Structure formats: structure tokens, C-alpha cells
Amino acid sequence: QVQLVESGGGLVQPGGSLRLSCAASGIIFSITDMSWYRRAPGKQRELVAGITSEGSTNYAGSVKGRFTISRDNAKNTVYLQMNSLKPEDTAVYYCRTEYRAFSSWGQGTQVTVSS
């Protein structure tokens, strides 16, 4: 059974940083593509960042230069380092794994950016 468990969310002031983690189990982590999505209040879920099994990355324009996605295959974990956070980054952040036709989501972790 595939399980993705996100952690690291919380309340942070504008300009602050957070690092999200997503620990995966039940999959061969090293061959899967991983990504982070977010859903802000009243908005649709959107792609934030992705990293392929080979380590290639892509980012939404709104976070490019502020967020960094990385993976540690030895720990079956993907990370999202978020710097220079803005109030508009407030959302529930979800981890997703994808391999061919298979995909699975984590339960999400809340990030709130507010003074």
C-alpha cells in the first residue's frame, strides 16, 4: 500500500522559511517522479514544483527562485524548501508520486504565512 506522509507545515511570518518533507512507503521511490501541489482557500489545486526520477526539476512561475525541490532516495523522501514566503503562499501543500499510469497523493500539510 502506497503511503505519502507530509510534514513541516505551520505558521510563518512573511519573508520567513519552511521546509516541507514527504516520506514515501510502499513504492520503489527512486524510479518515481515526485511533485508538490498546493490548494489555497477558494482556489484550485496547482502544481508548485516537480522532480523526476533523474533529478530534473520544474517550478511554477510564482515560486521560481524562492522554492527548491529535492529528493533523497536513500530516505524515500522529497523536500520542498520554501524561502521568502508571502501571504499568497498560504495553502494546503500536497505531495504526489507518479509512475507511468499510477499516481498517489498525501494527506496534505497546512502552510500559513501571516504576521
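Above this note sits the structure.
What you are looking at is a predicted structure, and each value in this text was computed from that prediction instead of being measured. (Residues numbered from 1 in each chain as written. Predicted model: local features only at pLDDT ≥ 70, side-chain atom pairs only at ≥ 80, totals over all residues. Heavy atoms only, no water.)

Asks: Lay out the pattern of salt bridges with the relevant residues and their values.
Replies: Following the criterion strictly, the structure yields four salt bridges and no others. With a shortest N-O distance of 2.8 Å, D89 and R66 are connected by a salt bridge. Taken together, the residues D89 in the loop between β8 (77-82) and β9 (91-99) and R66 in the loop between β6 (57-59) and β7 (67-72) connect sequence positions 23 residues apart. The same class applies to D89 as to R66, namely buried. Between E98 and R96 there is a salt bridge, with its nearest N and O atoms 3.0 Å apart. Judged by its relative accessible area of 14%, R96 is buried. (Salt bridge = Lys/Arg side-chain N within 4 Å of Asp/Glu carboxyl O. Helix = DSSP H or I, 4+ residues; strand = E, 2+ residues; numbered from the N terminus. Buried < 20%, exposed > 50% of the residue type's maximum accessible area, 1.4 Å probe, protein only.)

Asks: Just give me the short version of the state of the cysteines, but keep the residues and values in it.
Replies: According to the stated counting rule, one finds one disulfide in the structure shown. Here C22 engages in a disulfide with C95; their sulfurs sit 2.1 Å apart. Taking the sign of the torsion about the S-S bond as the criterion, the disulfide between C22 and C95, at about -80°, is left-handed. Taken together, the positions of C22 in strand β3 (residues 18-25) and C95 in strand β9 put the pair 73 residues apart, joining distant regions of the chain. Each member of the pair, C22 as well as C95, carries the same accessibility label: buried. (Disulfide = S-S within 2.5 Å.)

Asks: So what's going on with the packing of aromatic side chains? Which residues, and what values?
Replies: With the rule as written, the count across this model stands at two aromatic pairs. Arranged with centres 4.9 Å apart and planes meeting at 65°, the rings of Y37 and W105 form a pair that is edge-to-face. Here Y37, found in strand β4 (residues 33-39), pairs with W105, found in strand β10 (residues 102-105); they are 68 residues apart in sequence, far enough to count as distant. Residue Y37 is classed as buried on the basis of its relative accessible area of 18%. Overall, the relative accessible area of 32% leaves W105 in the partly exposed class. Consider the rings of Y94 and W105, whose centres lie 6.5 Å apart with planes at 85°: the pair is edge-to-face. (Phe/Tyr/Trp six-rings, centres within 6.5 Å; stacked < 30°, edge-to-face > 60°.)

Asks: Any chance you could break down a nonpolar patch on the surface for me, citing the residues and the numbers?
Replies: On the surface, a nonpolar cluster with roughly 270 Å² of combined accessible area is contributed by I28, I31 and Y99. Considering the arrangement of structural elements, one finds Y99 in strand β9. You can call Y99 partly exposed: its relative accessible area is 33%. (Patch = residues over 30% accessible without salt bridge, like charges linked within 9 Å, V, L, I, M, F, W, Y side chains within 5 Å. Areas by Shrake-Rupley, 256 points an atom, 1.4 Å probe, with all protein chains shown as cover.)

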